[in-house]
Amino acid sequence: MPDNENNRKGSTTMTATTTPSPTLDTERADLLAELATARIALTTTVRGLGDAQAGEHPTVSALCLGGLIKHVASIEEEWMRFVVEGPSAMRYDLPDGVTWADLAAGTAREFPQWAIDHQNDFRMAPGETLAGILARYERVAARSEEVIASVPDLSATHPLPEAPWNDPGAVRSVRRVLMHVIAETAQHAGHADILRETLDGQKST
């Protein structure tokens, strides 16, 4: 259900992202600090915007600033579930009779819910607010620190789920998951910079 908390027409007040606990070992603290820095780079791009502006599509793509933050939060949340639960947290099942080729071509007679959810993450749905999206991102960040703090070994691995973009038999360590989430967040922070500058000429830095 869309989060209507703090639904205002004015600008959204930014909140601080979660910072790593001082009790973590150096490697975990460094990785989480780098992730927090990337999150700040992303969320800074919506400073001063209202809900309507955050949902606008200022370029030829369907991307909007609120949607980018939703997407990155979902990606981080999903990978943290993978760290805890393994490949069952990232299943990519297809409906009966639907192939990956159908899905890639957009001709599938039925689309799996995970694909629909993925597309919806890139847009702000009616009733969603920027404040609610940012609050959810804060909760995801806090959960990530809990997960990483509780994992006995950053070298522990899980097999990746079956999907065309994953090599058969490939595995991912907790360390590599964190590096991937950092890279993904930083990449989308760059996209968000372009969207914000195109939207109203403002730069996030």
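Residues numbered from 1 in each chain as written. Predicted model: local features only at pLDDT ≥ 70, side-chain atom pairs only at ≥ 80, totals over all residues. Heavy atoms only, no water.

S.K.: Would you explain the packing of aromatic side chains in this entry?
M.R.: Aromatic ring pairs are described here by two measures, namely the spacing of the ring centres and the angle between the planes. Summed over the entire model, instances satisfying the criterion amount to six aromatic pairs. A centroid spacing of 5.0 Å and a plane angle of 75 degrees characterise the contact between Y92 and W114, whose relative ring orientation is edge-to-face. Of the two residues, Y92 is situated in the loop between α3 (65–85) and α4 (100–105) and W114 in helix α5 (residues 113–120); the sequence distance between them amounts to 22 residues. Using a relative accessible area of 14% as the deciding quantity, one classes Y92 as buried. Summarising the aromatic geometry, the rings of Y92 and W165 are spaced 5.0 Å apart at their centres and angled 70 degrees between planes, so their arrangement reads as edge-to-face. Here the residue Y92 occupies a position in the loop between α3 and α4, and W165 occupies one in the loop between β1 (157–159) and β2 (171–173), the gap between them amounting to 73 residues. (Phe/Tyr/Trp six-rings, centres within 6.5 Å; stacked < 30°, edge-to-face > 60°. Helix = DSSP H or I, 4+ residues; strand = E, 2+ residues; numbered from the N terminus. Buried < 20%, exposed > 50% of the residue type's maximum accessible area, 1.4 Å probe, protein only.)

S.K.: Help me understand the packing of α3 against helix α6 (residues 130–150), please; the structure alone is not making it clear to me.
M.R.: A pair of packed helices is characterised by two quantities: the angle between their axes and the separation of those axes. Remark: α3 packs on α6, axes separated minimally by 10 Å, with the N-to-C direction vectors making an angle of 20 degrees. Between α3 and α6, the angle is such that the two are roughly parallel. Considering only the axes of α3 and α6, their crossing is left-handed. Touching G66, I69, K70, V72, A73, S74, E76, E77, M80, V83 and V84 of α3 are I133, L134, R136, Y137, V140, A141, R143, S144, V147 and I148, all from α6. Broken down by class, the residue content of the contact of α3 with α6 amounts to 13 nonpolar, three polar and five charged. (Axes fitted to C-alpha atoms, helices over the stretch in contact; angles between N-to-C directions. Parallel < 35°, antiparallel > 145°, perpendicular 65-115°, else oblique. Left-handed = near helix turned anticlockwise from the far one by under 90°. Contact = heavy atoms within 4.5 Å. Nonpolar A, V, L, I, M, F, W, Y, C, P; charged D, E, K, R; others polar.)

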